[in-house]
Amino acid sequence: MCLELELALKEFVLRYQHQTILSDAILIEKAKLLASEIHQEKLHGEAASSDQTVIDEALPLLHSKCASYPLEKIYNIDETGFFYQTRSNTNHKMYFQIKKNKEHLSIDLCANADGSYKLDPLIIGKFAKPRCFKNVNINNLPMKYQNNNKAWMIITIFQEWLQEFDYQVARKHGSQRVLLLLDNCSSHKLQGLVLPYVEVYFLPPNTTSKIQLMDSGIIMSFKRHYRYFHIHWMLE
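Along every chain, residues carry numbers that run from 1 in the direction the sequence is written. Owing to the predicted nature of the model, reporting of local features is limited to residues with pLDDT of at least 70; listing and counting of side-chain atom pairs is limited to 80 or more, with chain, interface and lining totals taken over all residues. Side-chain metrics in this entry use all non-hydrogen atoms of the structure; hydrogen atoms and water are not considered.

What follows is about the overall build of the protein. Assigned secondary structure in the protein consists of seven helices and six strands. Only DSSP runs of H or I covering at least 4 residues are called helices, and only runs of E covering at least 2 are called strands; the numbering of each starts at the N terminus. Reading the protein from its N terminus to its C terminus gives the helix and strand order α-α-α-β-α-β-β-β-α-β-β-α-α. Only protein chains enter the calculation, and the probe is 1.4 Å; a residue is then buried if its accessible area is under 20% of its type maximum, exposed if over 50%, and partly exposed in between. The proportion of buried residues among the 236 residues of the protein is 39%. A sequence separation of at least 24 residues applies to 61% of the contacts in the protein between residues at least 6 apart. Of the roughly 14500 Å² of accessible surface on the protein, a fraction of 54% belongs to carbon and sulfur atoms. In this analysis, two residues are considered to be in contact whenever any of their non-hydrogen atoms come within 4.5 Å of each other. Here the accessible surface of atoms and residues is derived via Shrake-Rupley with a 1.4 Å probe, and residues count as covered only by protein chains that are part of the display.

Set out below in structure tokens:
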């Protein structure tokens with residue numbers, strides 16, 4: 001057992017030994033969860049070592065592009081995977097990053113820079129009619145649902161979403177153009193699209209973990225809220 005894990009487990013025992021019976025099974029499972037957390041923190045640290053030179057070069061261009069638009073007309077969309085059959089634990093990241101069980105949904109979030117307009121989340125699953133939505137009209141839920149056999153964003157789904165986005169922001173902003181910031185995902189293709197009210201700006205590769213608005217804060221907040229409600233649902 002590494003020292004970091006040993007100290008974390010010791011802190012857990014000291015904190016809860018007077019509140020409940022800490023059996024061997026509980027301690028073993030807690031040690032597994034702590035080890036997973038430590039592993040994920042190390043992975044996050046490695047991700048933080050993105051090429052700073054590329055980021056330094058990209059930021060002035062991004063600032064220049066955004067300067068042409070007010071905050072309420074600058075949008076960003078980003079995607080995260082939700083591995084919903086993964087066991088829960090104390091780290092909100094694990095719901096979305098551990099991939100031991102491959103069953104997942106894709107969740108795309110989009111909002112403008114000042115937070116005054118948040119579009120309904122786009123949820124992508126494998127099945128056209130999931131069992132959990134039996135007797136439920138998906139169209140009445142505050143989300144958009146799509147499906148394909150991989151449950152990932154694909155070009156056709158993205159282009160359909162983007163055309164609907166063009167329509168929505170035209171209504172929201174009185175037919176004035178907005179700026180949409182995108183990463184260089186392979187499914188983000190614009191060929192054949194006519195977008196009268198949207199200017200698309202692609203962020204440079206290997207920089208989105210640092211400079212993409214959704215990736216750097218909003219998705220993390222979304223995950224924390226999800227975990228909070230999930231835990232309370234389990235307790236009830």
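The next point concerns unusual backbone geometry. Of note, Ala 151 is a non-glycine position whose phi angle comes to about 60°, a positive value. Mapped onto the elements, Ala 151 comes out in the loop between strand E4 (144-147) and helix H5 (155-172). Positive phi, normally seen in glycine, also occurs at Ser 175, with a value near 65°. Structurally, Ser 175 is set in the loop between H5 and strand E5 (178-182).

Here the focus is the pattern of salt bridges. In what follows, salt bridge is the name for a side-chain nitrogen of Lys or Arg lying within 4 Å of a carboxyl oxygen of Asp or Glu. Counted under the stated rule, the structure contains one salt bridge. In this structure, the salt-bridge partner of Glu 199 is Lys 65, at a minimum N-O distance of 2.6 Å. Highlighted residues: Glu 199 in strand E6 (residues 198-202) and Lys 65 in helix H3 (residues 52-66), separated in sequence by 134 residues.

Pairing of aromatic rings covers Phe, Tyr and the six-membered ring of Trp, with a centre-to-centre limit of 6.5 Å; geometry is then stacked below 30 degrees between planes, edge-to-face above 60, and tilted otherwise. Taken as a whole and assessed by the stated rule, the structure comprises six aromatic pairs. Ring geometry for Tyr 75 and Phe 165: centres 5.3 Å apart, planes at 80°, overall edge-to-face. Residue Tyr 75 is found in strand E1 (residues 74-82), and its partner Phe 165 is found in helix H5; the two are separated by 90 residues along the sequence. On the basis of relative accessible area, Tyr 75 is assigned to the buried category, the value being 0%. Both rings, one in Phe 133 and one in Tyr 145, keep their centres 6.2 Å apart while their planes meet at 80°; by these two values the pair is edge-to-face. With Phe 133 in the loop between strand E3 (122-125) and E4 and Tyr 145 in strand E4, this pair connects stretches of sequence that are 12 residues apart. For Phe 133, a relative accessible area of 21% translates into the label partly exposed. Take Tyr 145: its relative accessible area is 17%, and that puts it in the buried class.

Residues Leu 122 and Ile 124 point to one face of E3 and Ile 123 and Gly 125 to the other, with burial holding for every one of them. Two strands make a pair as long as DSSP finds a minimum of two bridges between them. Note: strand E2 (residues 105-112) against E3, three bridges, orientation antiparallel. Bridge assignment links Ser 106 to a residue of E3, and that residue is Ile 124. Relative to E4, E3 is paired through four bridges, and the arrangement is parallel. Note on E4: the bridge partner recorded for Gly 125 is Asn 147.

Moving on, we get to helix H1 (residues 3-16). One fewer than the residue count of a helix, multiplied by 1.5 Å, yields its expected span. With 14 residues, H1 should reach 20 Å at 1.5 Å per residue; the first-to-last C-alpha distance of 20 Å fits that figure. Leu 5, Leu 9 and Phe 12 are the residues of H1 that are buried. Down the axis of H1, the sector holding all buried residues measures 55°, keeping them to one side. Structural note: H1 exposes Leu 3, Lys 10, Glu 11, Leu 14 and Arg 15 on the side pointing more than 90 degrees away from its buried face. By definition, the arc is the one covered by directions from the helix axis to the C-beta atoms.

By the secondary structure assignment, Asn 148 is in the loop between E4 and H5. Residues within four places of Asn 148 in sequence aside, it is in contact with Ile 124, Gly 125, Lys 126, Ile 154 and Ile 157.

Once that is clear, we can look at the nonpolar core. Ranked by size, the top nonpolar core spans 21 residues in total, and within it Tyr 75, Trp 161, Leu 162, Phe 165, Leu 180 and Val 198 carry the most contacts. Listed by contribution, the elements that provide at least two residues to this core are E1, E3, H5, E5 and E6. Counting residues per element, this core draws most heavily on H5, which supplies six residues. Non-local contacts of Phe 165, meaning those with residues more than four positions away in its chain, are made with Tyr 75, Cys 110, Leu 119, Val 178, Leu 180 and Val 198. We define the nonpolar core as a collection of buried residues of types Ala, Val, Leu, Ile, Met, Phe, Trp, Tyr and Cys that are connected through side-chain atoms lying within 4.5 Å of one another. By size, the runner-up hydrophobic cluster in this structure holds 11 residues, among which are Ile 55, Ile 74, Leu 179 and Leu 203.

Note that every value here comes from positions in space, so none of it alone points to a role or purpose.
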